[in-house]
Amino acid sequence: MRGYPIVISSPSGGGKTTLVHRILADMPKAAYSVSICTRPPRTGERNGRDYFFVSKPAFERMVRKHELAEWANVHGYLYGTPKKFLDAKISLGYFPILDIDVQGAIQLKKKYPDGVYIFLIPPTLRELSRRLRERHTDSAEEIKKRLMAAKREISMAQQYDYVVLNDDIDAAVERVKTILEAERWRAHRAESRLKALR
Ligand code: 5GP
């Protein structure tokens, strides 16, 4: 049986990295989709694990060769999902998990309508700002930029299948697990099982 992509988006600081790790640890057939990006690595990030860090010309070459399932300019850098990994995992019955932005999710939904699209929201913008400051990874200027972007992204949340509140990470993980469990049993995914029974 084929798998399908599971897309998790949220504004920066919305808690998706932690949530994605928790889902990956819990779902044996989930596989993290490592994006390519032109942003320089942050301290502790590893090439091939967190991202494939590439130059802008290398990124543009991949776009020209149609090697990306989606791509977008996020906060001034280019990010994209390698198509080969995604399609290979899906056809082998795995569930690629994608941590991508709103622009990318909208592109992907057109090409992979069978996927599950989840948008995580913080309880308030004030809380989001607090989380960003506590991360100590971005400058005040960068945080301001990310908060402005958050408002734009939240206004597109209706294009997702689910909007999940992340007021508490454990509760958010449980909500996402419930969604994924229900998605497994959607009628349109039962085609081959039903056929075998008939
Ligand atoms: P960061 O630089 O903080 O790791 O990520 C910045 C934003 O880029 C996040 O919202 C993340 O979800 C998004 N992002 C990461 N990889 C991709 C990708 O392959 N495609 C798109 N469209 N966005 C991505």
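What counts, and at which threshold
Residues numbered from 1 in each chain as written. Predicted model: local features only at pLDDT ≥ 70, side-chain atom pairs only at ≥ 80, totals over all residues. Heavy atoms only, no water. 1 Å grid on protein atoms, 1.4 Å probe; cavity = no way out; pocket = protein on both sides within 12 Å on 5 of 7 lines; lining within 4 Å. Points joined across faces, edges and corners; volume = space filled by probe spheres on them. Helix = DSSP H or I, 4+ residues; strand = E, 2+ residues; numbered from the N terminus. Nonpolar A, V, L, I, M, F, W, Y, C, P; charged D, E, K, R; others polar. Pairing = 2+ DSSP bridges. Axes fitted to C-alpha atoms, helices over the stretch in contact; angles between N-to-C directions. Near = heavy atom within 4 Å. Polar contact = N/O pair within 3.5 Å; in protein donor to acceptor, adjacent residues only side chain to side chain. Areas by Shrake-Rupley, 256 points an atom, 1.4 Å probe, with all protein chains shown as cover. Sits in = over half its atoms within 2 Å of the grid points. Parallel < 35°, antiparallel > 145°, perpendicular 65-115°, else oblique. Left-handed = near helix turned anticlockwise from the far one by under 90°. Contact = heavy atoms within 4.5 Å.

Trainee: What is the right way to look at the layout of surface pockets in this model?
Mentor: Taken as a whole, the largest pocket holds about 1,000 Å³ of empty space. Along the wall of the largest pocket there are 42 residues; nearest its centre are Lys 16, Thr 17, Tyr 51, Asp 99 and Arg 135. Of all the secondary-structure elements, those providing two or more residues to the lining of the largest pocket are helix 1 (16–26), strand 5 (68–74), strand 6 (77–82), helix 5 (125–135) and helix 6 (140–154). Broken down by element, the lining of the largest pocket gets its largest block of residues, 5 residues, from helix 1. Looking at the lining of the largest pocket, its residues break down into 11 nonpolar, 15 polar and 16 charged. Size it by volume and the second largest pocket reaches roughly 690 Å³. Considering the residues around the second largest pocket, the lining is formed by 28 residues, among which Gly 3, Tyr 4, Phe 95, Arg 184 and Arg 189 are closest to the centre.

Trainee: Could you clarify how one ought to interpret the sheet that holds strand 8 (residues 116–121) in this entry?
Mentor: Within a sheet, adjacent strands bond to each other through the backbone by hydrogen bonds, running parallel or antiparallel. Strand order in the open sheet formed by 5 strands is 2-7-1-8-9, and the pairing between neighbours is parallel. Strands with a single pairing partner mark the edges of an open sheet, and in this sheet they are strand 2 (30–32) and strand 9 (162–165). Shown here is a sheet whose adjacent strand axes are inclined to one another by a mean of 25°, direction ignored. Summarising the sheet, strand 1 (residues 6–9) and strand 8 pair through 4 bridges and their orientation is parallel. From the neighbouring strand, Ile 8 faces strand 8, where its bridge partner is Ile 118.

Trainee: In this structure, what is going on with the site of the ligand? I would like to understand it.
Mentor: Around the ligand lies a shell of 16 residues, among which Ser 35, Arg 39, Tyr 51, Tyr 79 and Asp 99 are the nearest. The side chain of Tyr 79 places a nitrogen or oxygen atom 2.5 Å from an oxygen atom of the ligand. Burial of the ligand by the protein amounts to 94% of the accessible area it has alone, namely 510 Å². Using a 2 Å cut-off from the grid points, one finds that the ligand occupies the largest pocket. Elements supplying a minimum of two residues to the shell around the ligand: strand 5 and strand 6. Class assignment for the residues of the shell around the ligand results in 5 nonpolar, 4 polar and 7 charged.

Trainee: Mind showing me how you'd approach the packing of helix 1 against helix 7 (residues 169–184) here?
Mentor: Geometry of a packed helix pair, given as the angle between the helix axes and the separation of the axes. Two elements in contact, helix 1 and helix 7, have axes separated by 10 Å at closest approach and are oriented at 50°. Taken together, the axes of helix 1 and helix 7 lie oblique to each other. You can see that helix 1 and helix 7 cross each other, and the crossing is right-handed. Side by side, helix 1 and helix 7 meet where Thr 18, Leu 19, Arg 22, Ile 23 and Asp 26 of the first sit next to Ile 169, Asp 170, Ala 172, Val 173, Val 176, Lys 177 and Leu 180 of the second. The residue inventory of the contact of helix 1 with helix 7, partitioned by class, reads 7 nonpolar, 1 polar and 4 charged.

Trainee: Would you take a moment to explain the sheet that holds strand 5 for this structure?
Mentor: On the basis of which strands lie adjacent, the open sheet formed by 4 strands has the order 4-3-6-5 and mixed pairing. Each edge of the sheet is formed by a strand with only one pairing partner; in this case those strands are strand 4 (51–53) and strand 5. Here the average twist between neighbouring strands, direction ignored, is 25°. In the sheet, strand 3 (residues 35–37) pairs with strand 4 via 3 bridges, with the strands oriented parallel. In the sheet register, Ser 35 faces strand 4, and the bridge partner there is Tyr 51. Set on the sheet, helix 2 (residues 56–64) makes contact with strand 3, strand 5 and strand 6; between it and strand 5 the angle comes to about 140°.

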